[in-house]
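# Structural features, examined
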Amino acid sequence: MDDKLKTFYELYDRRKSIREFGDAPVPDDVLSRLLNVLNRAQSAANRQPWHFVVIDNKDRKRFNETFTKEGFKKAPIVIVACADPLQAWVRKTDSRNYAWVDVSIAVTEMIGAATAEGLGCCWVAAIDAQQVKEIVGIPGHMDVVAVIAVGYPVVELKKEEKTRKPLKEIIHYGRW
Ligand SMILES: Cc1cc2nc3c(=O)[nH]c(=O)nc-3n(C[C@H](O)[C@H](O)[C@H](O)COP(=O)(O)O)c2cc1C
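Here's what I pulled together on the structure shown here. (Residues numbered from 1 in each chain as written. Predicted model: local features only at pLDDT ≥ 70, side-chain atom pairs only at ≥ 80, totals over all residues.)

### Notes on the nonpolar core
One finds V78, A81, C121, I148, A149 and V150 to be the most contacted residues of the largest nonpolar core, which totals 37 residues. Only α2 (28-40), β2 (77-83), α5 (99-116), β3 (120-124) and β4 (143-151) provide two or more residues apiece to this core. Sequence-distant contacts of V150, defined by excluding residues within four places in its chain, comprise V26, A75, I77, V78, I79, A114, L119 and C121. (Core = buried A, V, L, I, M, F, W, Y, C linked by C-beta atoms within 7 Å. Buried ≥ 20, exposed ≤ 12 C-beta atoms within 10 Å, placed from the backbone. Helix = DSSP H or I, 4+ residues; strand = E, 2+ residues; numbered from the N terminus. Contact = placed C-beta atoms within 7 Å.)

Structure representation (structure tokens):
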């Protein structure tokens, strides 16, 4: 494996969910690169059915009440990832709306980039979406897919064993 490939795979070895953050802020240029990754992500029919609300920790008292884990309150940045079902591509054969899929792809790519920047993230789904919408002023028809806590981790990001199903349990070749 050449060095570029190794660097790529090591990124995903290092990534893990981070729930405790240090005091260091996320520099503006780093944040800007992450937001560009969100914007460049692929989406069904290139509909880009998403909006992202970036909230720093200067005025987050009310928002922080939506977190059940204390560690998230210290994240220097949280990003609320919202899906717009009215903008999304819909699969004709079964009417599946791809808004959540598209938003999840963008967020996943951003988390990869954040990991490369030495940042840690946690995807927080266990929030009260209605409360988040109200606090942040998100329009009624939008869905809150995720709140992403972003910041410098207090632990080192390094390769660790993961609790995962064995490949042979989930991969099917040719036929289920
Ligand atoms: C869709 C989604 C929702 C998640 N929601 C939460 C959450 O509400 N709270 C939390 O602490 N972690 C949450 N996580 C993090 C997962 O618990 C974590 O990804 C999983 O345990 C695997 O660990 P790893 O990310 O360190 O590899 C979520 C992850 C995903 C992908």
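### A few points about unusual backbone geometry
As a rule of thumb, non-glycine residues mostly have phi less than zero, and peptide bonds are mostly trans rather than cis. Even without being a glycine, A45 presents a positive backbone phi close to 55 degrees. Within the secondary structure, A45 is located in the loop between α2 and β1 (50-56). In the Ramachandran plot, N46 falls in the positive-phi region, its phi being about 55 degrees despite a non-glycine side chain.

### Examining the site of the ligand
By nearness alone, every residue bordering the ligand is listed as K16, S17, R19, K69, C122, W123, V124, A125, A126 and K162. Within the shell around the ligand, the residues separate by chemical class into five nonpolar, one polar and four charged. (Near = placed C-beta within 6 Å. Nonpolar A, V, L, I, M, F, W, Y, C, P; charged D, E, K, R; others polar.)

### As for the environment of A83
Turning to its location among the elements, A83 is positioned in strand β2. With 24 C-beta atoms counted inside 10 Å, the residue A83 sits in the buried group. Distance from A83 to V144, taken between C-alpha atoms, is 6.4 Å for residues 61 residues apart in sequence.

### Some details on the sheet that holds β1
To summarise the sheet geometry, strands pair through backbone hydrogen bonds and adopt either a parallel or an antiparallel arrangement. Here we have four strands laid out as an open sheet, ordered β1-β2-β4-β3, and antiparallel in their pairing. This sheet does not close on itself; its edge strands, each paired only once, are β1 and β3. The average undirected angle you get between the axes of adjacent strands in this sheet is 20 degrees. As defined by bridge partners, β1 adjoins β2 across seven bridges and the pair is classed as antiparallel. Each residue of the ladder has a partner; that of V53, found in β2, is V80. Most of the contacts of α5 go to β4, to which it runs at about 5 degrees, and overall it touches β1, β2, β3 and β4. (Pairing = 2+ DSSP bridges. Axes fitted to C-alpha atoms, helices over the stretch in contact; angles between N-to-C directions.)

### Examining the pairing of β3
With four of five residues buried, β3 lies mostly within the body of the structure. In terms of strand pairing, β3 meets β4 through five bridges, oriented antiparallel. Looking at the pairing, G120 lines up with G151 of β4.

### Considering the environment of V150
Within the element layout of this structure, V150 appears in strand β4. A residue is classified by how many C-beta atoms lie within 10 Å of it, and V150, with 24 of them, is buried.

### Remarks on the pairing of β4
Burial analysis of β4 places eight of its nine residues in the buried class, the great majority of the element. The pairing of β2 with β4 spans seven bridges and is antiparallel. Along β4, the bridge assignment pairs I79 with I148.

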